[in-house]
Amino acid sequence: MKYRGRFAPSPTGPLHAGSLVAALASWLDARAHGGQWLVRIEDVDTPRCVPGADHFILQQLAACSLQPDAPPVWQSQRSALYQQALDQLVSAGLAYPCACSRKDIEHALAARGDGKPRHGELVYPGTCRPERGGLHGKPGRAWRLHTDTAIFKPNWPLTPVNTAQAAPESGANPSSALHWTDRRLGPQCQEVAQAVGDFVLKRADGLWAYQLAVVVDDAAQGISHVVRGEDLADNTARQIGLQRALGLPTPHYLHTPLVLGANGEKLSKQNGAQALDTGTPEATLRALHQAAHLLGLPEAPPASSQGDCLALWTRAWRSGSGRGAAAL
Ligand code: GLU
């Protein structure tokens, strides 16, 4: 198998200690497999992007000697690919336009006594589904994927799955959920239609949604292995469903441990994550040591150079001593 991995930062600010863990793990996994490693700037959510952050991130990666094997790509330049994918889904009857505002969704959910957001997201009640009469004469705002279809069920397309061991998220019914296996977290399953609902592919403001862009690009770039932070694991079932809907292959997934902020939540700019200090070789090496430590990699002997450390950790990752390397 041809291994190709990637690191896909959103340029919403500089890299911090948490994002370096995902970057280092994906780079080590690619190196340990003798594969290629790519960088993709995920700048589709333009209002959240910080001007210049993309180039700063690339400099930070270069300072850490995490050099991509091909020139980076920017999602903002790839709209034509996302449009093609949406057209394909619409022609297949899997995507539909939606006229609902957030208020409409809140009202519809409240009317059935069911309005609790999940990770800040409301579970779409399916108001504009074609079988419920579609847009009801209102103008379409966003595009959604129909999740109540066979592609989100186990055994699609009749491949054997291990339902016995899957760790369902609370309330999920393993016999009607989508199953996948994470290389670190083990068997997972999610009932996407219940847990998330018909999710957005193109937003009401005209921007492409992360789920569609990431699936299209992983396939277009021939990504065989996705290594990224555990906070993104929850998106995986949606992404596998979209891959199936588009007839694309599913990569292997490995979700890395998170660095926690002072409040015990995932480190982010909101809870005080400092930009990674790559201003001097010493500071850069310190940051790499911290990331390697979180990944369960061995301490390098004192005075090891950055190159020596990366070589040591690549060997360790290959032999399975790093977290998540077990399935190599
Ligand atoms: N762009 C996403 C982020 O920075 C990562 C997407 C992915 O790795 O799938 O959180």
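Note that the structure is predicted; figures quoted are calculated from it, not measured.

A. Fine view of the packing of aromatic side chains. Counted by the stated rule, this structure contains three aromatic pairs. When the ring of Tyr 82 is compared with that of Trp 208, the centres are 6.0 Å apart and the planes differ by 65°; the resulting orientation is edge-to-face. Taken together, the residues Tyr 82 in helix α3 (residues 79-91) and Trp 208 in the loop between β9 (200-202) and α6 (210-220) connect sequence positions 126 residues apart. Each of the two residues, Tyr 82 as well as Trp 208, counts as buried. Look at Trp 180 and Tyr 253: their rings are 6.1 Å apart centre to centre, the planes differ by 75°, and that puts the pair in the edge-to-face class. Of this pair, Trp 180 sits in strand β7 (residues 178-182) while Tyr 253 sits in strand β11 (residues 252-256), placing them 73 residues apart in sequence. In this structure, Trp 180 and Tyr 253 share a single accessibility class: buried. Its guanidinium or amino end placed over the ring of Tyr 124, Arg 144 lies 3.7 Å from that ring's centre, counting from NZ or CZ. One residue, Lys 202, lies across the ring of Trp 208, its end atom 4.7 Å from the ring centre.

B. Expanded view of the environment of Trp 313. Topologically, Trp 313 is positioned in helix α9 (residues 306-318). Each C-alpha atom of the pair Trp 313 and Gly 140 lies 51 Å from the other, and the pair is 173 residues apart in sequence. Apart from the residues within four sequence positions on either side, Trp 313 is in contact with Leu 28, Leu 288, His 289, Ala 292, Leu 297 and Pro 298. Of the polar contacts made by the side chain of Trp 313, one reaches the backbone oxygen of Pro 298; its length is 2.9 Å.

C. Main features of the site of the ligand. Taken together, Arg 6, Ala 8, Pro 9, Ser 10, Glu 42, Tyr 210, Val 214, Arg 228 and Leu 232 form the complete shell of residues around the ligand. For the ligand, a nitrogen atom lies 2.6 Å from a polar atom in the side chain of Glu 42. The side chain of Arg 228 places a nitrogen or oxygen atom 2.8 Å from an oxygen atom of the ligand. When isolated, the ligand has an accessible area of 300 Å², and the protein chains bury 80% of it.

D. Quick look at α6. Within α6, eight of the 11 residues are buried, which leaves the element mostly enclosed by the surrounding structure. Buried within α6 are the following residues: Gln 211, Leu 212, Ala 213, Val 214, Val 215, Val 216, Asp 217 and Asp 218. Tucked into the core, α6 has its buried residues touching β1 (4-7), β2 (36-41), α3, β9, β10 (225-229) and α7 (236-246). Positive phi shows up at Gly 222, right after α6, with a value of about 65°.

E. Representation of the sheet that holds β2. The parallel open sheet is built from three strands, whose spatial order is β1-β2-β3. Single-partner strands in this sheet number two, and they are β1 and β3 (73-74). In terms of strand pairing, β1 meets β2 through four bridges, oriented parallel. Each bridged residue has a counterpart across the sheet, and for Arg 4 the counterpart in β2 is Gln 36.

Thresholds, definitions, all that
Residues numbered from 1 in each chain as written. Predicted model: local features only at pLDDT ≥ 70, side-chain atom pairs only at ≥ 80, totals over all residues. Heavy atoms only, no water. Phe/Tyr/Trp six-rings, centres within 6.5 Å; stacked < 30°, edge-to-face > 60°. Helix = DSSP H or I, 4+ residues; strand = E, 2+ residues; numbered from the N terminus. Buried < 20%, exposed > 50% of the residue type's maximum accessible area, 1.4 Å probe, protein only. Lys NZ or Arg CZ within 6 Å of the ring centre and 35° of its normal. Contact = heavy atoms within 4.5 Å. Polar contact = N/O pair within 3.5 Å; in protein donor to acceptor, adjacent residues only side chain to side chain. Near = heavy atom within 4 Å. Areas by Shrake-Rupley, 256 points an atom, 1.4 Å probe, with all protein chains shown as cover. Pairing = 2+ DSSP bridges.

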